[in-house]
Amino acid sequence: MIGSIIYIIFLAVFVYCALTVLYLFIHALYAKYFYRDRFSKPEMPASQRIAVLVPAYREDGIIISTAKSLLTLDYPKDLYDIYIIADSFQELTIRQLRTLPINVFEVSFDKSTKTKSLNEAFSRIGKPYDIALICDADNILAPDFLKRVNSAFVNGVHAVQGRRVAKNLDTSFAILDACSEGINNNIFRKGSNALGLSSSVIGSGMAFEFSKIREVLSKISAVGGFDKILQLKMVEEGHKIQYIAEAIVFDEKVDSSHAFKQQRRRWVSSQFIYLRQFFRPAMKQLLKGNFSYFDLAIVKSIMLPRAFMMLILPLLVLASFFFGPYWVITTIIVLFLYALTLVVALPAELINKNLMSAILQLPKAVGLMFGTLLHVKKANKTFIHTVHTKTEINNPLFNEHSK
């Protein structure tokens, strides 16, 4: 009896892992061989009026640099405006911001969230816009970013996710973080689009129809993971989120184990919370033929983080020795296919001499990911702020996009 129960548990874990790996492998292959950007043409004349919104919480150290970089974008100055939503900033920082040709909204909340800041900004903006672009306080956009967004919307796209790449590659954890995001971009954004599904959004470097996002966001009060709700609302209405691989946004990568743990804790929390919240709506949408909604709400949410898979799959191979040679071979094949998937999905520019030193930090990263499970319930009740310090791009792999 006990043996049968153990076998059933082993079989259930194997089926889950095998289906997960197959899903990831197919997405990685489609991203590599079938993704085509038919919407982003930077040479198209600029016509869309764009509001660039930057919700920022206590980012005094980098916000001036961010604001100045946004002012240098290669897009007609009369067609885009910058809005800094300054939450709990120092007076000196506010005075410095007001010397720049940007809009500054001072805000302060008992419990700060990005959702509250954005809703407050939308309530104050009186000018008409076609597009709302949401960026983080640490983001630096490639000069042609707005041109590519403009082109996509002119070509009929209603929602765009740009390609986030590392702003810094100065530590092993920053390199690991950059590799993780690069793999996610290829699988969950580029691969999804190549398969005809909606790309998942990433929280920044994302653009939406101005009137639509203002309407949708006004109904959201999430502490964390507001972008997950936002993407589902857009997809529910039949809008496909388009990933634009050439629309580059530089994003600061975590450079320490503490920052890594804090960030992953927030991500894991929102993943499980929204899986439970949107499970029933996703099943209804599936019956209506809305596969993108089902994919975003359930399929992607039930997938364990890669750090967990990196531990579970080898353990599954070890356990298979108790069930015979067939299972040993089968589990090894699944483990090999998972490794192949990561290799295929890893951006080629990140495969260099520095990658090996970063890989040596993987055991520590896996341990930190498992440590997040002890505090995951609290993560969506409290705003977890990641401190940013990088004001310059330190990524030699993308120098041509930063000039």
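The coordinates are above.
J.: Would you mind going over the overall build of the chain with me for this structure?
T.: Check the secondary structure of the chain and you find 16 helices and 8 strands. Burial analysis of the chain (403 residues in total) assigns 55% to the buried set. A separation threshold of at least 6 residues defines the contact pool for the chain, and within that pool the share at least 24 residues apart is 82%.

J.: It is not clear to me how the pattern of salt bridges should be interpreted in this structure. Could you clarify?
T.: Close approach of charged atoms lets side chains of opposite charge pair. Taken as a whole, this structure holds 14 salt bridges when the rule is applied. Ionic pairing is found between Arg-49 and Asp-130, a salt bridge with its closest N-O pair at 3.2 Å. Separated by 81 residues along the polypeptide, Arg-49 in the loop between helix H1 (2-33) and strand E1 (50-57) and Asp-130 in the loop between helix H4 (114-124) and strand E4 (131-134) bring together distant segments of the chain. According to the relative accessible area criterion, Arg-49 is partly exposed, its value standing at 33%. Note on Asp-130: relative accessible area 25%, which makes it partly exposed. Across the salt bridge formed by Lys-212 and Glu-215, the nearest N and O atoms sit 3.4 Å from each other. With Lys-212 and Glu-215 both in helix H7 (residues 210-217) and 3 residues apart, this pair spans about one turn of that helix. In this structure, a network of salt bridges that share partners links the residues Lys-212, Glu-215, Lys-219 and Glu-237.

J.: Just to check I follow, could you spell out the packing of helix H8 (residues 226-236) against helix H10 (residues 291-299) for this structure?
T.: For any two helices packed against each other, one specifies the inter-axial angle together with the distance between the axes. At their nearest, the axes of H8 and H10 sit 9 Å apart, and the two run at 165 degrees to each other. Between H8 and H10, the angle falls in the class roughly antiparallel. Like other packed secondary-structure pairs, H8 and H10 cross with a definite hand, here left-handed. Side by side, H8 and H10 meet where Gln-231, Leu-232, Val-235 and Glu-236 of the first sit next to Ser-292, Tyr-293, Leu-296 and Ala-297 of the second. Here the residues of the contact of H8 with H10 are counted per class, giving 5 nonpolar, 2 polar and 1 charged.

J.: Any chance you could explain the environment of Ala-178 here in plain terms?
T.: Within the fold, Ala-178 resides in helix H6 (residues 172-194). On the basis of relative accessible area, Ala-178 is assigned to the buried category, the value being 7%. Sequence separation between Ala-178 and Asn-168 is 10 residues; the distance between their C-alpha atoms is 8.6 Å.

J.: What is the right way to read the layout of surface pockets from this model?
T.: Empty space among the atoms becomes apparent when a probe as large as a water molecule is rolled across them. Here the second largest pocket is characterised by a volume of approximately 250 Å³. Residue lining of the second largest pocket: 18 residues in total, with Asn-186, Lys-190, Val-344, Leu-346 and Pro-347 positioned closest to the centre. Among the secondary structure elements, those contributing two or more residues to the lining of the second largest pocket are H1, H6, strand E8 (241-251) and helix H12 (325-345). Split into classes, the residues belonging to the lining of the second largest pocket amount to 11 nonpolar, 3 polar and 4 charged.

J.: Help me understand the packing of H1 against H6 in this model?
T.: Across the interface, H1 lies against H6 with an axial gap of 7 Å and an inter-helix angle of 70 degrees. Our classification of the angle between H1 and H6 gives roughly perpendicular. Handedness of the crossing formed by H1 with H6: left-handed. Within the contact between the two elements, H1 uses Tyr-23, Leu-24, His-27, Ala-28, Tyr-30 and Ala-31 and H6 uses Asn-186, Ile-187, Phe-188, Lys-190, Gly-191, Ser-192 and Ala-194.

J.: Help me understand empty space enclosed by the protein in this model?
T.: This structure, assessed with the given rule, holds 1 cavity of 30 Å³ or more. In this structure, the largest cavity occupies an estimated 110 Å³ of space. Lining the largest cavity are 15 residues; nearest its centre among them are Val-165, Ala-166, Ala-178, Gly-182 and Leu-350. Only strand E6 (159-166) and H6 provide two or more residues apiece to the lining of the largest cavity. Residue composition of the lining of the largest cavity, by class: 7 nonpolar, 3 polar and 5 charged.

Parameters at a glance
- Residues numbered from 1 in each chain as written.
- Predicted model: local features only at pLDDT ≥ 70, side-chain atom pairs only at ≥ 80, totals over all residues.
- Heavy atoms only, no water.
- Helix = DSSP H or I, 4+ residues; strand = E, 2+ residues; numbered from the N terminus.
- Buried < 20%, exposed > 50% of the residue type's maximum accessible area, 1.4 Å probe, protein only.
- Contact = heavy atoms within 4.5 Å.
- Salt bridge = Lys/Arg side-chain N within 4 Å of Asp/Glu carboxyl O.
- Axes fitted to C-alpha atoms, helices over the stretch in contact; angles between N-to-C directions.
- Parallel < 35°, antiparallel > 145°, perpendicular 65-115°, else oblique.
- Left-handed = near helix turned anticlockwise from the far one by under 90°.
- Nonpolar A, V, L, I, M, F, W, Y, C, P; charged D, E, K, R; others polar.
- 1 Å grid on protein atoms, 1.4 Å probe; cavity = no way out; pocket = protein on both sides within 12 Å on 5 of 7 lines; lining within 4 Å.
- Points joined across faces, edges and corners; volume = space filled by probe spheres on them.

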